[in-house]
Amino acid sequence: ANSPGTLAVGAVNANSGIAVFSSRGTGCCAPGANPVSLVAPGVSINSTVLANGYGLKSGTSMACPHVAGAAALVKQRFPAFTPAQVRAKLMNTASDLGVPGNDATFGRGLLNCDSATI
């Protein structure tokens, strides 16, 4: 998450609590772990499954598409933005969770698409 346009995404549940499996910031995981930039819904997310169906899935792999979609919305709204500016817009408009400000568990907070696109 140290590149200008890169985001490290954690996952939260429906109550905005950190998911037990979620990524955390530096010092909690493997050496060199990325600090969490922000979090997005990642528990019991309706997703496609085999045999043309749908099912509930959980993981940071469910949270990341929320952030990717939000980044696309920001880029559409602000076409001249660089990747670093899109990243900054998403992080600066996140809804703070946990310890006030940036923290190792929630990063800058919960992704907020409404605020990011105005």
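As a starting point, this report considers the structure included with it.

Notes on the nonpolar core
Ranked by size, the top nonpolar core spans 15 residues in total, and within it A40, V67, V74, L90 and L111 carry the most contacts. Looking at this core, the elements with two or more residues in it are β1 (9-12), β2 (38-41), α1 (60-77) and α2 (83-92). Not counting residues within four places of it along the chain, the set of residues in contact with V67 comprises L7, V9, L38, A40, L90 and L111. Counting 6 residues, the second largest nonpolar core, distinct from the first, contains V36, L97, F106 and L110.

Side note on the pairing of strand β4 (residues 53-57)
Here strand β3 (residues 45-49) pairs with β4 via 5 bridges, running antiparallel. Pairing of N46 across the sheet is with L56, part of β4. The turn joining β3 and β4, which pair antiparallel and follow one another in sequence, is formed by 3 residues; a positive phi near 70° is taken by A51.

Points about the side chain of D103
Residue placement: D103 occurs in the loop between α2 and α3 (113-116). For D103, a relative accessible area of 13% gives the class buried. Setting aside chain neighbours within four positions, we find D103 in contact with L97 and G98.

Considerations on α2
Among the residues making up α2, those that are buried are V86, R87, K89, L90 and M91. Its buried side turned inward, α2 meets β2, α1 and α3.

Some words on the side chain of K89
As for its position among the elements, K89 is in helix α2. No salt bridge is formed by the buried K89, whose closest oppositely charged neighbour, D114, lies at an N-O distance of 12 Å. In contact with K89, other than residues within four places in its own chain, are V74, F78, F81, S115, A116 and I118.

Conventions we followed
Residues numbered from 1 in each chain as written. Predicted model: local features only at pLDDT ≥ 70, side-chain atom pairs only at ≥ 80, totals over all residues. Heavy atoms only, no water. Core = buried A, V, L, I, M, F, W, Y, C linked by side-chain atoms within 4.5 Å. Buried < 20%, exposed > 50% of the residue type's maximum accessible area, 1.4 Å probe, protein only. Helix = DSSP H or I, 4+ residues; strand = E, 2+ residues; numbered from the N terminus. Contact = heavy atoms within 4.5 Å. Pairing = 2+ DSSP bridges. Lys, Arg positive; Asp, Glu negative; His and termini not counted. Salt bridge = Lys/Arg side-chain N within 4 Å of Asp/Glu carboxyl O.

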